[in-house]
Amino acid sequence: GAGVSQSPSNKVTEKGKDVELRCDPISGHTALYWYRQRLGQGLEFLIYFQGNSAPDKSGLPSDRFSAERTGESVSTLTIQRTQQEDSAVYLCASSLVIGGQETQYFGPGTRLLVL
Amino acid sequence: EDQVTQSPEALRLQEGESSSLNCSYTVSGLRGLFWYRQDPGKGPEFLFTLYSAGEEKEKERLKATLTKKESFLHITAPKPEDSATYLCAVYSGGSNYKLTFGKGTLLTVNP
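Residues numbered from 1 in each chain as written. Chains lettered and ligands numbered in written order. Predicted model: local features only at pLDDT ≥ 70, side-chain atom pairs only at ≥ 80, totals over all residues. Heavy atoms only, no water.

Draft legend 1. A look at the overall build of chain B. On a plain count of helices and strands, chain B comes out with zero helices and eleven strands. From first element to last, N terminus to C terminus, chain B shows the α and β order β-β-β-β-β-β-β-β-β-β-β. Over its C-alpha atoms chain B spans a radius of gyration of 14 Å, differing by no more than 12% from the 13 Å that the globule rule assigns to 111 residues. For the C-alpha atoms alone, the extent of chain B along its principal axes is close to 45 × 30 × 20 Å. Expressed as a percentage of its 111 residues, the buried residues of chain B come to 46%. Within chain B, contacts between residues at least 6 apart in sequence are counted, and of these 55% link residues at least 24 apart. For chain B, the exposed surface amounts to about 5500 Å²; the carbon and sulfur share of it is 46%. (Helix = DSSP H or I, 4+ residues; strand = E, 2+ residues; numbered from the N terminus. Rg over C-alpha atoms; globule rule 2.2 N^0.38 Å. Buried < 20%, exposed > 50% of the residue type's maximum accessible area, 1.4 Å probe, protein only. Contact = heavy atoms within 4.5 Å. Areas by Shrake-Rupley, 256 points an atom, 1.4 Å probe, with all protein chains shown as cover.)

Take a look at the structure:
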């Protein structure tokens, strides 16, 4: 597609339920990132995928968060046993690294509300 | 740990009133500084990347500059459609390219 797409655009869930968020990166982009944006806060890095390398999970806030990516395509971010503090916008970005330089292009985000 | 501070948090301008947004950073070794624009309910939209002190980039009414400690986003003769949150982010190298973001500056341009 022309840009990064994410689904669903909005998700309301009850505390304790699991949620799965999806990201479709720009075709050909080898790198994919997940960020979290809480109200009034800057974007927080969550996880990074690059090709077939092991993902960098250093930003995941707890073991309730996990993410997978199939090759260089779709990625899913799963939050188990959701808590109210998980309410945020979850943003996905993809990029292509050329000559050590890269630009991340973001999707529209998934707005998650945990009641 | 990389840190990015943006100021002011919010800025109101009249149409045509030029101003600047500031992004100060503390990193172990800057590899890239990024400016993004974010409209309500949307993801960040890429504007500029700056790689070294003294570098400048322009796009329409926007001009980004970089020193060793900070970056400025200059807005010349802004229009209401320039109203958005402007985000600054840095990349300091390493095995991944994760960005560290500031909290943004909310710009409102009144007609």
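Next comes the rest of the write-up.
Draft legend 2. Seen up close, the state of the cysteines. Residues and elements named next belong to chain A. Enumeration over the complete set of coordinates arrives at two disulfides over all chains. Between the sulfur atoms of Cys23 and its disulfide mate Cys92 the distance is 1.8 Å. Negative torsions about the S-S bond denote left-handed disulfides, and the value of about -65° found for Cys23 with Cys92 makes this one left-handed. Here Cys92 lies in strand S8 (residues 88-95) and Cys23 lies in strand S3 (residues 19-24), a separation of 69 residues in the sequence. (Disulfide = S-S within 2.5 Å.)

Draft legend 3. Geometry of the confidence of the model for chain A. The predicted model of chain A averages 92 in pLDDT, with 98% of residues at 70 or higher. Mean pLDDT across the elements of chain A bottoms out in strand S5 (residues 43-50) of chain A (92) and peaks in strand S7 (residues 75-79) of chain A (98). (pLDDT = per-residue confidence, 0-100.)

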